[in-house]
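Okay, here's what each chain looks like letter by letter:
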Amino acid sequence: MLDLVRLRVLAAVAAHGSVTAAATALHYTQPTVSHHLARLEAATGAKLVRRSGRGIRLTPEGEVLARRAAEIVGRVDAADAELAALVGLRSGRVRVGAFSSALSELVPPAAAGLRRDHPNLELELTDAHPRVAVPRLRAGELDLAIVFRYDGELPDDGIRYTYLRDDPMHLLSRRTGETLADHRDSDWIAGCVNCRRELLQHCADAGFTPRIAFTSDDLIVKQAFVRAGLGVTTTPGLALRAHRAAGVRSTELPIVRRIFLATYGEPPDPPATGAFIDALKRVTLD
């Protein structure tokens, strides 16, 4: 049997990079951390750490177990919160990760509804791209995530996905009625590596590679550059509802991203999580 305390120690060493830092985070002494690591190696029969200079590094076996340990510890911590909430919705916590435009347009009215109906629930929000939010959800660091996908297929990754709504994409330029291909020779304003992949793919489908002159994930900045005539960009409809600069024209594209609510673990959801889901569904149905 793997001991949960020792798994927590291994996960802390992996997360913080040293025995000293792990001991500080866990409020243990360094000898206690070393003792737990040694006992975990004895229990598994695997060499999990090795000395590297004046510190230690995880072996490949240690890295595998540390990843699983982080997931296990996260789920146990989430279970603690769920059990505490089972006494009712008089107290509890729900941790939500969502991409920026969902945080600005979908989450605020849902949060207001949650506060009105369950004023004692604690809501924690994290701005996270789906590629970041889903691993954090699986690791137990989030209770639910709002994510999007451009294709129609959902991955078989153990996550439960619930469809919320479609969100059409828009081309932002200084004229209406344009297409992506009309700007094959234009400068483009694109987001970070995580956020620009879809733009690159859509432009490739239109037969060209965009010339990315500026990079920003900030919608206000991107529209300011468009307004100044420095380039063009794309943005989802939700983001356009949050901010539209004077002088910027939008053209809806035949490209739609689908927005989903993502949860992990077997149903039913914990009471606090379920309460936020209900509030969010009411918002998306309005």
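Identification of the chain as DNA-binding transcriptional LysR family regulator from Kribbella aluminosa is taken from an unreviewed UniProt entry. Its UniProt record gives the chain the following Sequence similarities (unreviewed entry) comment, quoted word for word: "Belongs to the LysR transcriptional regulatory family."

A count of helices and strands for the chain gives 11 helices and 10 strands. In terms of overall dimensions, the chain has C-alpha extents of about 65 × 50 × 30 Å along its principal axes. Counted over contacts in the chain with a minimum sequence separation of 6, partners at least 24 positions apart contribute 70%. Surface summary for the chain: the accessible area is close to 14,900 Å², and the carbon and sulfur share equals 51%.

Strand β3 (residues 93-98) sits mainly inside the fold: five of its six residues count as buried. Pairing between β3 and strand β4 (residues 122-127): six bridges, direction parallel. Bridge pairing in β4 links Arg-95 to Glu-124. The pairing of β3 with strand β5 (residues 144-149) spans three bridges and is classified as parallel. Paired with Gly-97 across the strands is Ala-145, a residue of β5.

Basis of the calculations
- Residues numbered from 1 in each chain as written.
- Predicted model: local features only at pLDDT ≥ 70, side-chain atom pairs only at ≥ 80, totals over all residues.
- Heavy atoms only, no water.
- UniProt positions renumbered as here; feature names shortened; annotations may be inferred.
- Helix = DSSP H or I, 4+ residues; strand = E, 2+ residues; numbered from the N terminus.
- Contact = heavy atoms within 4.5 Å.
- Areas by Shrake-Rupley, 256 points an atom, 1.4 Å probe, with all protein chains shown as cover.
- Buried < 20%, exposed > 50% of the residue type's maximum accessible area, 1.4 Å probe, protein only.
- Pairing = 2+ DSSP bridges.

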